Amino acid sequence: MHCAIQKAEVLDGAHLMQILWHDGTESFYPAVWLRDNCQCPDCYLDSAKARKFLVESLDVNIGIKDLSFDRKRVLITWPSEHTSEFEAEWLKKRCFSQQAREKLQRELFFPECQYWGSELQLPTLNFEDVLKNDEHAYKWLSSLKKVGIVRLTGASNRRGEVLKLGKRIGFLYLTFYGHTWQVQDKIDANNVAYTTGKLSFHTDYPALHHPPGVQLLHCIKQTVTGGDSEIVDGFNICRKLKEKDPRAFQILSSTFVDFTDIGVDYCDFSVQSKHKIIELDDKGQVVRINFNNATRDTVFDVPVEKVQPFYEALKQFVDLMNCEESKFTFKMNPGDVITFDNWRLLHGRCSYEAGTEISRHLEGAYADWDVVMSRLRILRKSVQNRN
């Protein structure tokens, strides 16, 4: 990083600091932000990487009393005679220019997204390599973030493998179905996944206000005929829907839909939520799909005149998912673990025949994106330090 300081000076009546860098660029830092982010032991707890300085103590109109600098740092004296020292590299990283802010946001949040359809080349890694090697684990999680799905091969045919992946990233996401759950044909099933029927494209658990971000599915036993898995890139489908039918996109990204899930498993539960099927951020980018037709409630809290347009928009969305060029079909083999973005991908399953014995058995678990992203940042640092 080019972060040698050529010149630092105070502007705007002492309310702004300007730095001219040796690479020819310049940065501006408001005095109030500098005071708020003083790195001295009185204002910052380094062992926790956390601010100690209180907003209650902050003069929002503060000015810089004195400023000195060399190539590597600046030293500020405040009207109270408190002093703050800032390293050049620390300041350069936090430059307020749009280019610098965008660069830092990319480093923090890994926003790169690779859209796909039926042509998907499924990223595949070895299960044991991911558990034991940081470079393989980093490739796993970075591909999961970028593509939305990664297959791990070489796991055993026993329960408990998804628990190992949970420990690898940190911990799993507990839901009403337990820390892990068994996808197999069950009598009096409390979830449509626990039947042999076809499952249409869906995301898991929109009945929760914070649906799990990542799903892990380990194939322990696979039926000979049927039971194929289907996936679709929900973000890509949203992009196509917006191009084809902007009104349908607008309806699905603005209408709150009720979801429900009632039953007994890990404990008894009665869950209700409201979500827009297409969830956007403040910039209009799709950040999450919330759609499960099985748990979409019969309760629909909209004016009667909005019901028909909603169904028309939803049908467009589902029809796009089911186009041959949109979906990718594959069959899991015993020992495969599929890990995928439950906020982005919609997944389904072909039906299979029930037998006298269990013919298909998957063990599943969830992880929270905050936990996964935390491990991804740590792994990147570990890999970069080694290289």
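Residues numbered from 1 in each chain as written. Predicted model: local features only at pLDDT ≥ 70, side-chain atom pairs only at ≥ 80, totals over all residues. Heavy atoms only, no water.

Peer 1: What am I meant to see in the packing of helix 5 (residues 134-147) against helix 6 (residues 161-169) here?
Peer 2: Following both chains from N to C, one finds helix 5 and helix 6 inclined at 95 degrees, their axes separated by 12 Å at the closest point. The angle between helix 5 and helix 6 falls in the class roughly perpendicular. On helix 6, the residues touching Asp134, Ala137, Trp140 and Leu141 of helix 5 are Leu165, Arg168 and Ile169. (Axes fitted to C-alpha atoms, helices over the stretch in contact; angles between N-to-C directions. Helix = DSSP H or I, 4+ residues; strand = E, 2+ residues; numbered from the N terminus. Parallel < 35°, antiparallel > 145°, perpendicular 65-115°, else oblique. Contact = heavy atoms within 4.5 Å.)

Peer 1: Sorry, what's going on with the sheet that holds strand 2 (residues 16-21) here?
Peer 2: Sheet strands associate in pairs through backbone hydrogen bonding, adopting either a parallel or an antiparallel arrangement. On the basis of which strands lie adjacent, the open sheet formed by 3 strands has the order 1-2-3 and antiparallel pairing. Edge positions in the open sheet fall to strand 1 (5-11) and strand 3 (26-30), since each of these has one partner strand only. Each strand of the sheet is rotated relative to its neighbour by a mean of 20 degrees, with strand direction disregarded. (Pairing = 2+ DSSP bridges.)

Peer 1: I keep staring at the sheet that holds strand 14 (residues 229-233) and nothing clicks. Help me out?
Peer 2: Spatially, 4 strands are ordered 12-21-14-19 in an open sheet, and the strand pairing comes out antiparallel. Across the chains shown, the open sheet's two edge strands, defined by having one partner strand only, are strand 12 (199-202) and strand 19 (327-330). Strand-to-strand twist of the sheet, defined as the mean angle between neighbouring strand axes without regard to direction, takes the value 15 degrees. Pairing between strand 14 and strand 19: 4 bridges, direction antiparallel. If you follow Ser229 over to strand 19, its bridge partner there is Phe330.

Peer 1: Looking at this structure, I do not really get empty space enclosed by the protein. What am I missing?
Peer 2: To find leftover empty space, one rolls a probe the size of a water molecule over the atoms. Applying the stated criterion across every chain yields a total of 1 cavity of 30 Å³ or more. Considering only enclosed or pocket space, the largest cavity measures out at about 40 Å³ in volume. Forming the walls of the largest cavity are Val257, Asp258, Arg296, Asp297, Val299, Phe300, Phe310 and Tyr311. Going through the elements one at a time, strand 15 (256-264) and helix 9 (307-321) are the ones with two or more residues in the lining of the largest cavity. Of the residues belonging to the lining of the largest cavity, the class tally is 5 nonpolar, no polar and 3 charged. (1 Å grid on protein atoms, 1.4 Å probe; cavity = no way out; pocket = protein on both sides within 12 Å on 5 of 7 lines; lining within 4 Å. Points joined across faces, edges and corners; volume = space filled by probe spheres on them. Nonpolar A, V, L, I, M, F, W, Y, C, P; charged D, E, K, R; others polar.)

Peer 1: Looking at this model, I keep getting lost on the packing of helix 7 (residues 234-244) against helix 9. Mind explaining?
Peer 2: Two packed helices can be described by the angle between their axes and the distance between those axes. Two numbers describe how helix 7 lies on helix 9: the axes approach to 10 Å, and their chain directions differ by 125 degrees. Taken as axis vectors, helix 7 and helix 9 run oblique relative to one another. Crossing of helix 7 against helix 9: the hand is right-handed. Residues Ile237, Cys238, Lys240, Leu241 and Lys244 of helix 7 touch helix 9, and the partners they reach there are Gln316, Phe317, Leu320 and Met321. (Left-handed = near helix turned anticlockwise from the far one by under 90°.)

Peer 1: What is the right way to read the side chain of Thr295 from this model?
Peer 2: Take Thr295: it is sitting in the loop between strand 18 (286-289) and helix 9. Excluding residues within four positions of it along the chain, Thr295 makes contact with Pro206, Asp258, Phe259 and Thr260.

Peer 1: I keep staring at the pattern of salt bridges and nothing clicks. Help me out?
Peer 2: Working definition: two side chains of opposite charge can pair if their charged atoms are close together. For the coordinates displayed, the defined rule picks out 25 salt bridges. Residues Lys164 and Glu161 are paired through a salt bridge, measuring 2.8 Å at the closest nitrogen-oxygen approach. On the criterion of helical spacing, the pair formed by Lys164 and Glu161 is a turn pair, its members being 3 residues apart in helix 6. Two residues, Asp319 and Lys315, come together in a salt bridge whose shortest N-O distance is 3.1 Å. You can see Asp319 and its partner Lys315 sitting in helix 9, 4 residues apart, about one turn around the helix. Given a relative accessible area of 37%, Asp319 falls into the partly exposed group. Three or more residues are tied together by salt bridges with common partners; here these are Asp70, Arg73, Glu85 and Glu87. (Salt bridge = Lys/Arg side-chain N within 4 Å of Asp/Glu carboxyl O. Buried < 20%, exposed > 50% of the residue type's maximum accessible area, 1.4 Å probe, protein only.)

Peer 1: Honestly, unusual backbone geometry in this entry has me stumped. Any pointers?
Peer 2: Negative phi values dominate among residues other than glycine, just as trans dominates among peptide bonds. Even without glycine at this site, Ala14 takes up a positive phi of about 75 degrees. One non-glycine residue, Phe110, lies in positive phi territory at about 50 degrees.

Peer 1: I would appreciate a short explanation of the packing of aromatic side chains in the present structure.
Peer 2: Aromatic ring pairs are reported here in terms of the distance separating the ring centres and the angle at which the planes meet. Under the definition given, this model contains 13 aromatic pairs. Its end group placed over the ring of Phe53, Arg35 keeps NZ or CZ at 4.0 Å from the ring centre. Cation over ring: Arg288 sits above Trp343, and NZ or CZ is 5.0 Å from the ring centre. (Phe/Tyr/Trp six-rings, centres within 6.5 Å; stacked < 30°, edge-to-face > 60°. Lys NZ or Arg CZ within 6 Å of the ring centre and 35° of its normal.)

Peer 1: I would appreciate a short explanation of the environment of Arg71 in the present structure.
Peer 2: By the element assignment, Arg71 lies in the loop between strand 6 (66-69) and strand 7 (73-77). Taking the C-alpha atoms as reference points, Arg71 and Lys283, separated by 212 residues in sequence, lie 38 Å from one another. With sequence-adjacent residues up to four places away left out, Arg71 is seen in contact with Cys3, Ala4, Ile5, His22 and Ala88. Within the structure, Arg71 has its side chain in polar contact with the side chain of His22 (distance 3.3 Å). (Polar contact = N/O pair within 3.5 Å; in protein donor to acceptor, adjacent residues only side chain to side chain.)

Peer 1: It is not clear to me how the nonpolar core should be interpreted in this structure. Could you clarify?
Peer 2: Soluble globular proteins tend to bury their nonpolar side chains together. Counting residues in each nonpolar core, the largest one holds 49 residues, and the members touching the most others are Ile149, Leu252, Ile277, Ile278 and Phe317. Broken down by element, this core gets its largest block of residues, 6 residues, from helix 9. Ala367, Trp369, Val371 and Val372 belong to the second largest nonpolar core, which has 27 residues in total. (Core = buried A, V, L, I, M, F, W, Y, C linked by side-chain atoms within 4.5 Å.)

Peer 1: Could you clarify how one ought to interpret the environment of Ile64 in this entry?
Peer 2: Following the sequence through the fold, Ile64 ends up in the loop between strand 5 (50-51) and strand 6. Separated by 51 residues in the primary sequence, Ile64 and Gly13 place their C-alpha atoms 8.7 Å from one another. The contacts of Ile64, once residues within four sequence positions are left out, are Val10, Ala14, Met17, Ala31, Leu34, Ile76, Thr77 and Trp78.

Keep in mind these values describe shape, not function.
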